[in-house]
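# Examining the three-dimensional arrangement
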Amino acid sequence: MPVDDLLQHLDRSVSPAHSTAHAARKLADAGFVEVPFDRLAKDIPSTGFVRDGGLLLAWHGNAGPFRIVGAHTDSPTLRLKPRPDAASSGWKQMAVEVYGGILNNSWLDRDLAVAGRLVLRSGETILVDTVEPVARIPQLAVHLDRDVNERGLVLDRQAHLTPVWGLGVANDGEILEMISGHQGVRASDVLSHDLVMYDVTPARIFADGTLLASGRLDNQISCWAATEALVRTAASGATHSCSVIALFDHEEVGSESTHGAAGPHLEWLLRRLVGNNASQFAETEFRDRCVSSMCVSADNAHSVHPNYPDRHEPGHRPIANGGPVVKSNANQRYATTAQTAAAFKRACEGAGVPTQDFVSRNNVPCGSTIGPITSTRLGIPTVDVGVAQLSMHSAREMCGARDPELLARSLEAFNRS
Ligand code: ZN
């Protein structure tokens, strides 16, 4: 059942590294061969993937134009500081750093678990997940903040977003001991960590089957749909193009990192797939292959909000379950062009998948995503698309329950186009 598979993906993708680990298992089960991250220079299989932390690249085929689907594995969250043990007024607290553009209030009064990676003295990196809630950011009671409902909630990110996790004083290393214990590892064997918080409430489909709520919908919906579409494409035996997925880290903080969309790994993979040997001829061949290829940058879009319809451009109001949204911006905050939009819509029409259009109001700043970065780097024509959602960047977001499958079908059609 695609829906169960999607819910499982959402619940297991609690950190970027967990997201790629889950996608990797699905790809391996479908016959994709994992290539060690530092072995792309050797002979690579025609159906395979590489993965490191929050970055995963997978491919099927090596001839014909590239059909690339890009998405991102990270979501706005709270990240544990290198030395997280803190305390105040008899409460043990966790020192956290805000990662990306969180909606501050959405992190209050939620039961929070911790997940991510531990790097051990041995050099090994392991995944860890407390699964159970271990901390909470309590909101100030209304009795002590009498005019909060009139004035609006104002939160200082340093002072007011520090979770509590117990009673007592701060003891250096205690939090790490509690977290690493979940993997049977002693804190003294952990040299560094990359740990984020998440709300333990599982992904849920609402009673009438129309709506889906979960943490990290932005952008795990696209990661799931991209992976699902690649697996389906490979299973169908389609070979006239080379399908690639690129699940990047660090989109929420600008993509400027080794594992972000501005990093070199996708280009290295594409050159390897072309069989580039750095000669003048091969360089031209690589360029020609790129300009005849196409990339879908898949990232969620804003559904029209019933309580704030005026925030949307009147003639462009995507709605949940209306199918993938094609995002355009004349100022190139999105990479969509008339040609790429048409190519994507043509593929969707062929698959019976409806599409919608989004453009922002002239007086509301437009967001951006990985599309413009990959298209600028590689010269590959790109279209920005995504599922329409509400509550973007909340700790718990909402979208239409049918849209993820429509996105997967549209990407499969794009892979075959
Ligand atoms: Zn996103």
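To keep things clear, this report deals only with the structure shown in the data block. This structure is a prediction, so every number in the text was calculated from the model and none was measured.

## Things to note about the coordination of the zinc ion
- For the zinc ion, the protein coordination sphere consists of His72 (NE2), Asp218 (OD), Asp299 (OD) and Asp299 (OD), at 2.0 to 2.6 Å.
- Considered as a linear motif, the donors of the zinc ion on their single chain read H-x145-D-x80-D. A residue pair is termed long-range when its members are at least 10 positions apart, and His72 in strand β4 (residues 66-72) and Asp299 in the loop between β14 (294-298) and β15 (301-302) qualify at 227 residues. For the pair shown, His72 and Asp299 are each scored as buried.

## A word on the side chain of Asn321
- For Asn321, the location among the structural elements is in the loop between β15 and β16 (325-327).
- Engagement of the side chain of Asn321 in a polar contact is seen with the backbone oxygen of Thr210, the distance being 3.0 Å.
- A distance of 3.3 Å separates the side chain of Asn321 from the backbone nitrogen of Ala401, its partner in a polar contact.
- In contact with Asn321, not counting residues within four places along its chain, are Thr210, Gly400, Ala401, Arg402, Asp403 and Leu406.

## Concerning the pattern of salt bridges
- All chains considered together, the criterion is met by 22 salt bridges.
- With its nearest N and O atoms 2.8 Å apart, the salt bridge here joins Lys92 to Glu174. Taken together, the residues Lys92 in strand β6 (residues 91-99) and Glu174 in helix α4 (residues 174-180) connect sequence positions 82 residues apart.
- One salt bridge in this structure joins Arg110 and Asp199, with 2.9 Å as the shortest N-O distance.

## Considering the packing of helix α2 (residues 16-29) against helix α5 (residues 217-236)
- Packing of α2 against α5 brings their axes to within 10 Å, and their N-to-C directions diverge by 15 degrees. When the axes of α2 and α5 are compared, the pair comes out roughly parallel. Where α2 crosses over α5, the handedness of that crossing is right-handed. Residues Ser19, Ala23, Lys26 and Leu27 of α2 form the contact with α5, whose participating residues are Gln220, Cys223, Trp224, Thr227, Glu228, Leu230 and Val231.
- Across the contact of α2 with α5, the residue classes tally to six nonpolar, three polar and two charged.

## Structural notes on unusual backbone geometry
- Here the amide bond leading from Asp218 into Asn219 is cis, since omega sits at 20 degrees, within 30 degrees of zero.
- Relative to the assigned elements, Asn219 resides in helix α5.
- Positive phi, normally seen in glycine, also occurs at Arg216, with a value near 65 degrees.
- Within the fold, Arg216 resides in the loop between β12 (211-214) and α5.
- Judged by relative accessible area, which is 15%, Arg216 ranks as buried.

The rules behind each value
- Residues numbered from 1 in each chain as written.
- Predicted model: local features only at pLDDT ≥ 70, side-chain atom pairs only at ≥ 80, totals over all residues.
- Heavy atoms only, no water.
- Donors = N, O, S within 2.8 Å, 3.2 Å for Na, K, Ca; no water.
- Helix = DSSP H or I, 4+ residues; strand = E, 2+ residues; numbered from the N terminus.
- Buried < 20%, exposed > 50% of the residue type's maximum accessible area, 1.4 Å probe, protein only.
- Polar contact = N/O pair within 3.5 Å; in protein donor to acceptor, adjacent residues only side chain to side chain.
- Contact = heavy atoms within 4.5 Å.
- Salt bridge = Lys/Arg side-chain N within 4 Å of Asp/Glu carboxyl O.
- Axes fitted to C-alpha atoms, helices over the stretch in contact; angles between N-to-C directions.
- Parallel < 35°, antiparallel > 145°, perpendicular 65-115°, else oblique.
- Left-handed = near helix turned anticlockwise from the far one by under 90°.
- Nonpolar A, V, L, I, M, F, W, Y, C, P; charged D, E, K, R; others polar.

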